[in-house]
Amino acid sequence: MKFEKVYRRIAIAIMMLPFTLVRIANLGYGELYFILFFIREIPKKKYSILKNDFIFSKFWLVFIPLSFLGFLNNIYFSNQTGTIEGAVFDFLSYLIVFFSLYTLENYIKRNNINILFLLEKIFVYSARAFIFLLVVNMFSKTFMGFNLDYEGRFVPLAKNLHQTAMYLSPLPFIGVLLLKNMKVSIKKATILIYIGFFVYMIFLTQSFKAIFGLTFSFFLYILIITYKSFKKKGRRFLLLSITTFLLLVFIIFNQYIAEMAVNYFNEYDYKGGRLFLYGEAIELIKDSPLLGHGPGSHIWDDLDSKFHDTHLTFLTVMLQGGVFSLITFVIFIKKITRVYYKDAAIISSFMPILMYIFGGDILRKLPTWIILLLLYYFIKNKEQKTNEIETN
């Protein structure tokens, strides 16, 4: 295969991204690879972001300048919050995400690449790496001096449990996507085993968002497959039955559902302080709704005397880049969701990430953005090939 070596290198780089402890000056192998990948691609043909369906690059092309305006506003005109160091860290992280996504969108546009093969390599390499670390963790809490768990949770080589959980959460249904497109029985059996390990490891992280997202994805996948198997009249009856069932569940278990919602937002990582963060973020947004306050953490907490992130992507986007950034982000999420819905396995892979968008922050999470991009272009390329066959 012409690009097989490149696929493997990209897959290894993505697999290394969640291992945030294995870094020098906030840069790990994954980040360095994509920086070098971008530099290597500079002399090659470039496609205009505005003239092409580079939906991922377009969002960042809008958000980064707007957040920079927010930074200037925060420094010179607004009540200054956050630190210069925090702003620089976020800004550089956003640039790495932007250039990585733009490079990949160009690469996909210029070359007829096999995205399914690339997804398979990411899935398999990640499975092998995480299973190896899981086995090591059975005998030791460290590997080469780096922690493998966080307060009893499986968080290998990472600073935060969500860096592991967010990366793992879409992988089981990426495995389902691979199963649907594979013909070799041995490979299918291997993928199925890896799916089981990923599900097990997600539960070991004890991340409520990842576990809830995975559970929701399972029922969503069954629902979509069932829905698409019915004819038009049957689909209406199915939707009516499901709506009635959900209403009954909500009426009977409303107190338990409310507790789950509270747990979702007040998860363990900030001692139940999510409502405090959201409230403070809204107050800061009121101070500068149009321009925002720029990159960085802006919420001051007297308890530990430092600034914190909002831990909610929509709030972060508006707090840093203002209302126009939020509108751009909402449009972006709406567009990719419409594309993902065309494949049951892909929309199910997206759901855990969507849970993190509503209850966490994905802006600096490069591996999450790359996975979202590859899933999106898998469907778009598949549609393009289908149209070409029908035209010919």
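Look above for the structure.
**Overview of the environment of Ser348**
The topology assignment puts Ser348 in helix H14 (residues 344-359). A relative accessible area of 0% places Ser348 in the buried class. Put simply, Ser348 and Phe314 are 34 residues apart on the chain and 21 Å apart in space, counted from C-alpha to C-alpha. What Ser348 contacts, discounting residues up to four positions off in sequence, is Phe173, Ser217, Leu220 and Tyr221.

**A short note on the nonpolar core**
Judged by nonpolar contacts, the single largest core of 115 residues is most densely connected at Phe34, Phe56, Trp60, Phe123, Tyr340, Phe350 and Trp369. Looking at this core element by element, the count peaks at 16 residues for helix H5 (residues 115-137). If we ignore the near neighbours within four places in the chain, the residues touching Phe34 are Ile10, Ala13, Ile14, Leu17, Ser100, Leu104, Leu366 and Ile370.

**Digging into the packing of helix H2 (residues 29-41) against helix H4 (residues 84-110)**
Where H2 meets H4, the axes come as close as 9 Å, and the angle between the chain directions of the two elements is 50 degrees. When the axes of H2 and H4 are compared, the pair comes out oblique. Along this stretch, H2 crosses H4, giving a crossing that reads as left-handed. Here Phe34, Ile35, Phe37, Phe38, Arg40 and Glu41 of H2 lie close against H4, whose contacting residues are Ile96, Phe99, Ser100, Thr103, Leu104, Tyr107 and Arg110.

**Some thoughts on the packing of helix H7 (residues 171-180) against helix H8 (residues 185-205)**
In contact at an axis separation of 9 Å, H7 and H8 are set at 165 degrees when each is read in the N-to-C sense. Taken together, H7 and H8 sit at an angle that is classed as roughly antiparallel. Both H7 and H8 take part in a crossing whose hand is left-handed. Residues Leu171, Pro172, Gly175, Val176, Leu178 and Leu179 of H7 form the contact with H8, whose own contacting residues are Lys188, Ile191, Leu192, Ile195, Phe198, Val199 and Ile202. Here the contact of H7 with H8 is built from residues that sort into 11 nonpolar, one polar and one charged.

**Examining the pattern of salt bridges**
One pass over the full model with this rule turns up 12 salt bridges. A salt bridge links Glu4 to Arg8, with the shortest nitrogen-to-oxygen separation between them at 2.5 Å. Of this pair, Glu4 and Arg8 are both found in helix H1 (residues 4-16), four residues apart, which corresponds to roughly one turn of the helix. Exposure remark for Glu4: the relative accessible area of 23% places this residue in the partly exposed category. The residue Arg364 makes a salt bridge to Asp90 at a minimum N-O spacing of 2.7 Å. Taken together, the positions of Arg364 in the loop between H14 and helix H15 (366-391) and Asp90 in helix H4 put the pair 274 residues apart, joining distant regions of the chain. The class of Asp90 is buried, set by a relative accessible area of 2%. Because the salt bridges share partners, they merge into one network encompassing Arg40, Glu41, Lys44 and Arg110.

Thresholds, definitions, all that
- Residues numbered from 1 in each chain as written.
- Predicted model: local features only at pLDDT ≥ 70, side-chain atom pairs only at ≥ 80, totals over all residues.
- Heavy atoms only, no water.
- Helix = DSSP H or I, 4+ residues; strand = E, 2+ residues; numbered from the N terminus.
- Buried < 20%, exposed > 50% of the residue type's maximum accessible area, 1.4 Å probe, protein only.
- Contact = heavy atoms within 4.5 Å.
- Core = buried A, V, L, I, M, F, W, Y, C linked by side-chain atoms within 4.5 Å.
- Axes fitted to C-alpha atoms, helices over the stretch in contact; angles between N-to-C directions.
- Parallel < 35°, antiparallel > 145°, perpendicular 65-115°, else oblique.
- Left-handed = near helix turned anticlockwise from the far one by under 90°.
- Nonpolar A, V, L, I, M, F, W, Y, C, P; charged D, E, K, R; others polar.
- Salt bridge = Lys/Arg side-chain N within 4 Å of Asp/Glu carboxyl O.

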